[in-house]
Amino acid sequence: MKKITKLAFALFASTTFAFAHGDVSPQAVETKGLKNIAEDVIVNPFRGNELAMEIGKGAYNTNCARCHGLGAVSGGIAPDLRALGGPDDDTDEYFIGKVQDGAVRNGNVYMPPFKDVLTPTAIWTIRAWIETLNSDDL
Ligand code: HEC
């Protein structure tokens, strides 16, 4: 019993820690003006879509920047997302899967899952924006 309580506390503490970086909690994103993207889409439908990129920039700042860095320039706590590459690198499916499921191993939340917060539509806007960033210096 004692062991279980300890474990529960550890889980709680690690989750709280992950969310305690910065003062912004995960937030749903308004995607009005864009068509709704289905769950099973695995190729970015918003590549080059201006409105999507604009929405994605805000969505990134609210939900991702505290770990992945302002302008997606990593400060070291989390991977630099510009390094995932663009249209030719075939990382769309990996990207959406990662954002939906997060990175949780042995009860440690390295990255929280976003599937209950962000719709696929919102996640793809973030992808569309990240792809516009210059990654030449990586
Ligand atoms: C609490 C900090 C945190 C937040 C918030 C966060 N991430 Fe992460 N993210 C991480 C960490 C840490 C990793 C590396 C996970 C690992 O060790 O497996 C990661 C990994 C990723 C990866 C895989 C990168 C790679 O090179 O393999 C993607 C894609 C990603 N995050 C996207 C996002 C997006 C998009 C958001 C916002 C919706 C976001 N993350 C929010 C911490 C965070």
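Residues numbered from 1 in each chain as written. Predicted model: local features only at pLDDT ≥ 70, side-chain atom pairs only at ≥ 80, totals over all residues. Heavy atoms only, no water.

## Regarding the overall build of the chain
When you go through the chain residue by residue, the secondary structure sums to five helices and two strands. The helix and strand sequence of the chain, counted from the amino end, reads α-α-α-α-β-β-α. The contacts in the chain between residues at least 6 apart in sequence include a share of 66% that link residues at least 24 apart. When the accessible surface of the chain is summed, it comes to about 8500 Å², and 57% of that surface belongs to carbon and sulfur atoms. (Helix = DSSP H or I, 4+ residues; strand = E, 2+ residues; numbered from the N terminus. Contact = heavy atoms within 4.5 Å. Areas by Shrake-Rupley, 256 points an atom, 1.4 Å probe, with all protein chains shown as cover.)

## Quick look at the site of the ligand
Surrounding the ligand, one finds 23 residues, the nearest of these being Cys64, Cys67, His68, Tyr94 and Met111. Within the side chain of Tyr94, one N or O atom sits 2.5 Å away from an oxygen atom of the ligand. One of the side-chain N or O atoms of Arg105 is found 3.0 Å from an oxygen atom in the ligand. Counting only elements with at least two residues in the shell around the ligand, the list comes to α3 (65–68), α4 (92–101), β1 (103–105) and β2 (108–111). The element contributing the most residues to the shell around the ligand is α4, with four residues. Here the shell around the ligand is built from residues that sort into 18 nonpolar, two polar and three charged. (Near = heavy atom within 4 Å. Polar contact = N/O pair within 3.5 Å; in protein donor to acceptor, adjacent residues only side chain to side chain. Nonpolar A, V, L, I, M, F, W, Y, C, P; charged D, E, K, R; others polar.)

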